[in-house]
Amino acid sequence: VLIAVFSSFYTVQPSEEAVIVRFGRYVDTNPPGLHFKLPFGIDSAIKVRSKLVLQEEFGLSAQWFGLSFGLVALGIMAGATLSSRLVARLPSHRIVLFGTALSAAASALMLAWVLTSEAGGVWSVLVPMFVTAVGLGLTRPAAVAGALVPFPQIAGLASALLGFSQMLIASTYN
């Protein structure tokens, strides 16, 4: 009961918005203040400050701001799809290494754009965000699979525990 109570309320700071996701699907966007969400990972509140960067600094409309988050989700899905196709050809540690290198390169590109003040506007943020998301999508499935391969007798339990832990931490954090 205490976990349900503590994981149901969250605070959105003045510089943030919270995107509410229920079982992975968008439900609502909440403004700053104290809010309630369903506990135990049913609802997740993803706090975003990128509105400050994308809308106020680059002047993105609310519609384009939403589409930019869709672009990140698309990057994660593209990376996971690519990972599922590469797993038959490459060992999982190579896929993890490739995904990590891809994300690092995208982050370095964003940093270079910022430091040289040759920023390409909003695309200097969105392109590296997308490529980083592709790297995450590549890395995560291969890393989890690689970690569970040596323990086939408990792979189901370990996978369930990982999912439960992620939801518990996300609901407690948010």
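Residues numbered from 1 in each chain as written. Predicted model: local features only at pLDDT ≥ 70, side-chain atom pairs only at ≥ 80, totals over all residues. Heavy atoms only, no water.

Caption draft 1: Spotlight on the overall build of the protein. When you go through the protein residue by residue, the secondary structure sums to 6 helices and 5 strands. Its helices and strands taken in sequence order, the protein reads α-β-β-β-β-β-α-α-α-α-α from the N to the C terminus. For the protein, the residues scored as buried account for 28% of the 174 residues in total. Considering only contacts in the protein between residues 6 or more positions apart, those separated by 24 or more positions represent 63%. Put simply, the protein shows about 10,900 Å² of open surface, and 72% of that area lies on carbon and sulfur atoms. (Helix = DSSP H or I, 4+ residues; strand = E, 2+ residues; numbered from the N terminus. Buried < 20%, exposed > 50% of the residue type's maximum accessible area, 1.4 Å probe, protein only. Contact = heavy atoms within 4.5 Å. Areas by Shrake-Rupley, 256 points an atom, 1.4 Å probe, with all protein chains shown as cover.)

Caption draft 2: Summary view of helix H3 (residues 62-86). Taking 1.5 Å as the rise per residue, H3 with 25 residues should run 36 Å; its terminal C-alpha atoms sit 36 Å apart, in good agreement. Listing the buried residues of H3 in full gives Phe65, Ser68, Gly75, Gly79, Ser83 and Leu86. (Expected span 1.5 Å × (residues − 1).)

Caption draft 3: Looking closely at helix H4 (residues 92-115). With 24 residues, H4 ought to run about 34 Å at 1.5 Å a step, and its terminal C-alpha atoms sit 34 Å apart, in line with that. Packing partners of the buried residues in H4 comprise H3 and helix H5 (123-148).

Caption draft 4: Representation of the environment of Val72 in the model. Mapped onto the secondary structure, Val72 falls in helix H3. Residues Val72 and Val134 lie 62 residues apart in sequence; the distance between their C-alpha atoms is 8.2 Å. Beyond its immediate chain neighbours, meaning those up to four positions away, Val72 contacts Met129 and Ala133.

Caption draft 5: How the structure looks around the packing of H3 against H5. Viewed as axis vectors pointing N to C, H3 and H5 meet at an angle of 35°, and their least axial separation amounts to 7 Å. In this structure, the crossing between H3 and H5 has a hand that is right-handed. Of the residues in H5, those touching H3 at Ser68, Leu71, Val72, Leu74, Gly75, Ile76, Ala78, Gly79, Ala80, Leu82, Ser83 and Leu86 are Leu126, Met129, Phe130, Ala133, Val134, Leu136, Gly137, Leu138, Pro141 and Ala142. For the contact of H3 with H5, the per-class residue count stands at 17 nonpolar, 5 polar and no charged. (Axes fitted to C-alpha atoms, helices over the stretch in contact; angles between N-to-C directions. Left-handed = near helix turned anticlockwise from the far one by under 90°. Nonpolar A, V, L, I, M, F, W, Y, C, P; charged D, E, K, R; others polar.)

Caption draft 6: Geometry of a nonpolar patch on the surface. A surface patch of nonpolar side chains, about 650 Å² in accessible area, is lined by Val1, Val5, Phe9, Leu34, Phe36 and Leu38. Among the secondary structure elements, Val1 is positioned in the segment before helix H1 (2-6). Since its relative accessible area comes to 86%, Val1 is described here as exposed. (Patch = residues over 30% accessible without salt bridge, like charges linked within 9 Å, V, L, I, M, F, W, Y side chains within 5 Å. Salt bridge = Lys/Arg side-chain N within 4 Å of Asp/Glu carboxyl O.)

Caption draft 7: Seen up close, the confidence of the model for the protein. Here the protein averages 82 in pLDDT, while 89% of its residues score no lower than 70. The spread of mean pLDDT over the elements of the protein runs between helix H2 (residues 50-57), the lowest at 64, and H4, the highest at 91. (pLDDT = per-residue confidence, 0-100.)

Caption draft 8: Expanded view of the packing of aromatic side chains. Taken as a whole, this structure holds 1 aromatic pair when the rule is applied. With centroids separated by 5.5 Å and ring planes inclined at 65°, the aromatic side chains of Phe9 and Phe36 adopt a geometry described as edge-to-face. With a gap of 27 residues between them, Phe9 in strand E1 (residues 9-12) and Phe36 in strand E4 (residues 33-36) connect regions that are remote in the sequence. (Phe/Tyr/Trp six-rings, centres within 6.5 Å; stacked < 30°, edge-to-face > 60°.)

Caption draft 9: A look at the sheet that holds strand E5 (residues 43-48). Overall, antiparallel pairing links the 3 strands, which are arranged E3-E2-E5 in an open sheet. Each end of this open sheet is capped by a strand with a single partner; those strands are strand E3 (25-30) and E5. Averaged over all neighbouring strand pairs, the angle between strand axes comes to 25°, with direction disregarded. By the bridge criterion, 6 bridges tie strand E2 (residues 17-22) to E5 in an arrangement that is antiparallel. Residue pairing for E5: Arg22 is matched across the bridge by Asp43. (Pairing = 2+ DSSP bridges.)

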